[in-house]
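Topology and contacts: notes
Given next are the chains, with one letter for each unit.
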Amino acid sequence: MTDKNCLACDRPIKGRTDKKFCDDSCRNNYNNHMNCYTSPLVRNVNNILKRNRKILEDLLAPYDKKVLVIERQKLVERGFQFDYITEHYHPDKKEHYYYCYDYGYRPIDQEKVLAVKDTRKKHSSRERSRR
Ligand SMILES: [Zn+2]
């Protein structure tokens, strides 16, 4: 029987041979490390999505509105990346919404989009209907 080493600290593991770590703290260390190690791309995409969301939020916030017509160029200037969305929502054939979490936009024409705060509240309504 070969001794297995802990994936985190590389010390031999005593006891059951199906174990990968000596204890929970080693497992946590390993998982945390793996998250940092494997996710630069994921983190990068998340950051883009969060920035997109923030840009829309910042634009809407001063007006205290749920919707706001805005020039595409204004979004681009702030670093908005139109390719990155969390959701594509089209309630009918004409309307296409592109969401970054709870904020999104709807293209109006080549120059303008409609920035929107998501008011569908689908998650909470779904939870409510579960009762
Ligand atoms: Zn260990």
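For the protein, the name recorded in an unreviewed UniProt entry is DUF2116 family Zn-ribbon domain-containing protein, with Niastella koreensis as its organism.

1. Section: the sheet that holds strand 5 (residues 112-117)
Strand order across the open sheet formed by 5 strands is 1-5-4-3-2, with antiparallel pairing between neighbours. In this open sheet, the two edge strands, each paired with only one partner strand, are strand 1 (67-71) and strand 2 (87-89). Taking the axes of each pair of neighbouring strands and ignoring which way they run, one obtains an average angle of 30° across the sheet. Across 5 bridges, strand 4 (residues 103-107) lies against strand 5 in antiparallel orientation. Within strand 5, the position partnered with Pro 107 by the bridge is Val 113. Across the sheet, helix 2 (residues 40-60) touches strand 1, strand 3 (97-100), strand 4 and strand 5, and the angle it forms with strand 4 is around 80°.

2. Structural notes on helix 2
The end-to-end C-alpha separation of helix 2 is 30 Å, in line with the 30 Å expected for 21 residues at 1.5 Å each. Looking at helix 2, one finds that the buried residues are Asn 52, Ile 55 and Leu 56. Along the axis of helix 2, the buried residues cluster in a sector spanning 95°; they form a single face. Away from its buried face by more than 90 degrees, helix 2 exposes Pro 40, Val 42, Arg 43, Asn 46, Asn 47 and Asp 58. Looking at the packing, one finds that the buried side of helix 2 touches helix 3 (72-77), strand 3, strand 4 and strand 5.

3. Digging into the pairing of strand 3
Across a regular strand the side chains alternate sides, sitting on one face of the sheet and then on the other. Of the strand pairs in this sheet, strand 2 and strand 3 are connected by 3 bridges, and their pairing is antiparallel. Following the sheet pairing, Tyr 89 is matched in strand 3 by Tyr 97. The pairing of strand 3 with strand 4 spans 3 bridges and is classified as antiparallel. Among the inter-strand pairings, Cys 100 is bridged to a residue of strand 4, identified as Tyr 103. Hairpin geometry of strand 3 and strand 4 is characterised by an intervening segment of 2 residues between the two adjacent antiparallel strands and by a positive phi of about 60° at Tyr 101.

Rules of the game
- Residues numbered from 1 in each chain as written.
- Predicted model: local features only at pLDDT ≥ 70, side-chain atom pairs only at ≥ 80, totals over all residues.
- Pairing = 2+ DSSP bridges.
- Helix = DSSP H or I, 4+ residues; strand = E, 2+ residues; numbered from the N terminus.
- Axes fitted to C-alpha atoms, helices over the stretch in contact; angles between N-to-C directions.
- Contact = placed C-beta atoms within 7 Å.
- Expected span 1.5 Å × (residues − 1).
- Buried ≥ 20, exposed ≤ 12 C-beta atoms within 10 Å, placed from the backbone.
- Arc of directions from axis to C-beta.

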